[in-house]
Each structure stands twice: as C-alpha cells, then as structure tokens.
Amino acid sequence: MNETLKTIETRFSCRGYDGRSVEMEKVEALAKAALQAPSAMNLQPWEIIVITDKALIDEMDTAAMEVAAAMPDKGLYNRMMERGGKMYYNAPCLFLILKEADKKWADLDCGIVTQNIALAATSLGLDNVIVAMAAIPFSGPKGEEFKKRISWPEGYEFGMGVCVGYGNMTKEPHEINLEKVRYVHGG
C-alpha cells in the first residue's frame, strides 16, 4: 500500500492530547499543505489562523465550555464532560479555517483545506481531530474579544477547526462500510 493510502487508513479522531508543543516546522508544513488545497475556480475563499498559544487555546476552551453549559439542551455539555471537560481536548495547536461570507462553494473548499491539514498531520506523526465546535467561543460573550486577539479578518466567518498535537490516546479508525459504494461499469 502506498504512503498516502496508509495515512488515510490509519488517521483517527484524537480526543486527548498530552499538551506538548508541536514543532514549528511541522506547524508550517501543515499550513502549507492547507494552502495547497484545490478550490472552485481557484478562488481560495479562506483565511487560516494557526493558534499555538496554549494559554489562549485553554482560555477559548473554558469560554466554549461556559457557552455549552448555558445551552438549554445539555447534550453537548454532557458529552464534553464525559470526554474530560475540554472542547479542544488539551491540544496545543488549533487551526481555524475561516471562509469568505456568502461565497459560493466556500463550505466545500474549507472542507478540502480541513482534510489536507488532517491527513498531513497524520503523515507527520501528529494526532488530530476536526472540530466544528471550535466555533463556539466566537459566538459567546467573549467572542468579539477572541476575534480581535487572533486578528479575525472582516467579511469572514467560521468554516472549520482542526486540533493538532501529540495524542495521549490511540484509537482504531472508524470501520468502513463498503455497502456505501456503488459501482457503475461501462460495457
């Protein structure tokens, strides 16, 4: 099996990190891999903010948990508490993929960027998890403050997040269901 297919096969969603910093050369390699993602008409409707300030990530995590605790439906809060009470799982590095507001295909393009980061991280020996919940602290009471602190650009909205670091857990990748594939053969 080639290395790319092996990376895809072995990647799993890591929901527990030991907090060790990720080497800057690896962080920069992931940022470059993100930027190499294709996009519709090569419009690249994204901005990528890489946060390696662990104290800031922890502060955003606390704010996110406070927002989740205040939600009428306690499902998310309870699930996160069962997983250790951390929205970002103690990750030392967070990639925020922002998308241009109201740009056609931006959601799909951000998804491709996200997948590039996740697969590149796995190929570099880093664990990762794709987290839509990374949006939560930006919608809470401290949202505008956080946006200012990370220089969130005008006209952009949250697309997706990826936590990256060295996991303190392992997990088998999800089982694939081959019944989800249909082949149409030509004559």
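Scroll up a little and you will see the structure.
Predicted, not measured: the structure shown is a model, and the values here were computed from it.

Peer 1: Honestly, the layout of surface pockets in this entry has me stumped. Any pointers?
Peer 2: Unfilled space is identified by rolling a water-sized probe across the atoms. Of the volumes computed, that of the largest pocket is approximately 330 Å³. If you trace the largest pocket, you find it lined by I8, E9, R11, F12, S13, Q115, L119, K171, E172, P173, H174 and I176. Every element with two or more residues in the lining of the largest pocket is listed here: helix 1 (3-10) and helix 5 (106-123). Of the residues that constitute the lining of the largest pocket, the class distribution is five nonpolar, three polar and four charged.

Peer 1: I tried to follow the nonpolar core on my own but got confused; where do I start?
Peer 2: Taken as a class, soluble globular proteins show a tendency for nonpolar side chains to be buried jointly. Among the nonpolar cores identified, the biggest contains 34 residues, and I51, M87, L94 and L96 are the most heavily contacted of them. Listing elements by their share of this core, those giving two or more residues are strand 1 (46-51), helix 3 (54-70), helix 4 (75-82), strand 2 (93-100), helix 6 (136-139) and strand 4 (156-165).

Peer 1: Would you mind going over the pairing of strand 4 with me for this structure?
Peer 2: It is a general feature of regular strands that their side chains alternate between the two faces of the sheet. In terms of residue burial, strand 4 counts as a mostly covered element, since seven of its ten residues are buried. Two strands pair when backbone bridges link them, and strand 2 and strand 4 are joined in this way by eight bridges, in the antiparallel orientation. Considered in strand 4, the bridge of I97 is made with M160. Strand direction decides the pairing type here: strand 3 (residues 127-130) and strand 4, joined by four bridges, are antiparallel. Residue pairing across strands places D127 opposite G165, the latter belonging to strand 4.

Peer 1: Just to check I follow, could you spell out the packing of helix 1 against helix 5 for this structure?
Peer 2: In a packed pair of helices, the relevant descriptors are the angle between the two axes and the axis-to-axis distance. One can describe the packing of helix 1 onto helix 5 by two numbers: an axis separation of 9 Å at closest approach and a directional angle of 105°. Considered as vectors, helix 1 and helix 5 are oriented roughly perpendicular to each other. Between helix 1 and helix 5, the contacting residues are T7, I8 and T10 on the first element and L119, T122 and S123 on the second.

Peer 1: Can you help me understand the sheet that holds strand 1 in this one?
Peer 2: Within a sheet, neighbouring strands are paired by backbone hydrogen bonds and run either parallel or antiparallel to one another. In spatial order, the strands read 1-2-4-3; together these four strands make up an open sheet with antiparallel pairing. Two strands in the sheet have a free side with no partner beyond their single neighbour: strand 1 and strand 3. Going across the sheet, the axis of each strand differs from the next one's by a mean of 20°, ignoring polarity.

Peer 1: Looking at this structure, how should I read the pattern of salt bridges?
Peer 2: Pairing of side chains with opposite charge becomes possible as their charged atoms draw close. For the coordinates displayed, the defined rule picks out eight salt bridges. For R149, the salt bridge is made with E59, and the minimal N-O distance between the two is 2.7 Å. Here R149, found in helix 7 (residues 143-149), pairs with E59, found in helix 3; they are 90 residues apart in sequence, far enough to count as distant. For E144, the salt bridge goes to K147, with nearest N and O atoms at 3.9 Å. Linking E144 with K147, this pair stays in helix 7, spanning three residues, or about one helical turn. Among the charged side chains, a network of salt bridges with common partners joins E59, E145 and R149.

Peer 1: I would appreciate a short explanation of the side chain of D109 in the present structure.
Peer 2: Topologically, D109 is positioned in helix 5. Despite being buried, D109 has no salt bridge partner; K103 is the closest side chain of opposite charge, sitting 9.2 Å away. Among the polar contacts made by the side chain of D109, one reaches the main-chain amide nitrogen of A40 at a distance of 3.1 Å. Apart from the residues lying within four places of it in its own chain, the contact partners of D109 are P38, S39, A40, P45 and W46.

Reading the values: the criteria
Residues numbered from 1 in each chain as written. Predicted model: local features only at pLDDT ≥ 70, side-chain atom pairs only at ≥ 80, totals over all residues. Heavy atoms only, no water. 1 Å grid on protein atoms, 1.4 Å probe; cavity = no way out; pocket = protein on both sides within 12 Å on 5 of 7 lines; lining within 4 Å. Points joined across faces, edges and corners; volume = space filled by probe spheres on them. Helix = DSSP H or I, 4+ residues; strand = E, 2+ residues; numbered from the N terminus. Nonpolar A, V, L, I, M, F, W, Y, C, P; charged D, E, K, R; others polar. Core = buried A, V, L, I, M, F, W, Y, C linked by side-chain atoms within 4.5 Å. Buried < 20%, exposed > 50% of the residue type's maximum accessible area, 1.4 Å probe, protein only. Pairing = 2+ DSSP bridges. Axes fitted to C-alpha atoms, helices over the stretch in contact; angles between N-to-C directions. Parallel < 35°, antiparallel > 145°, perpendicular 65-115°, else oblique. Contact = heavy atoms within 4.5 Å. Salt bridge = Lys/Arg side-chain N within 4 Å of Asp/Glu carboxyl O. Lys, Arg positive; Asp, Glu negative; His and termini not counted. Polar contact = N/O pair within 3.5 Å; in protein donor to acceptor, adjacent residues only side chain to side chain.

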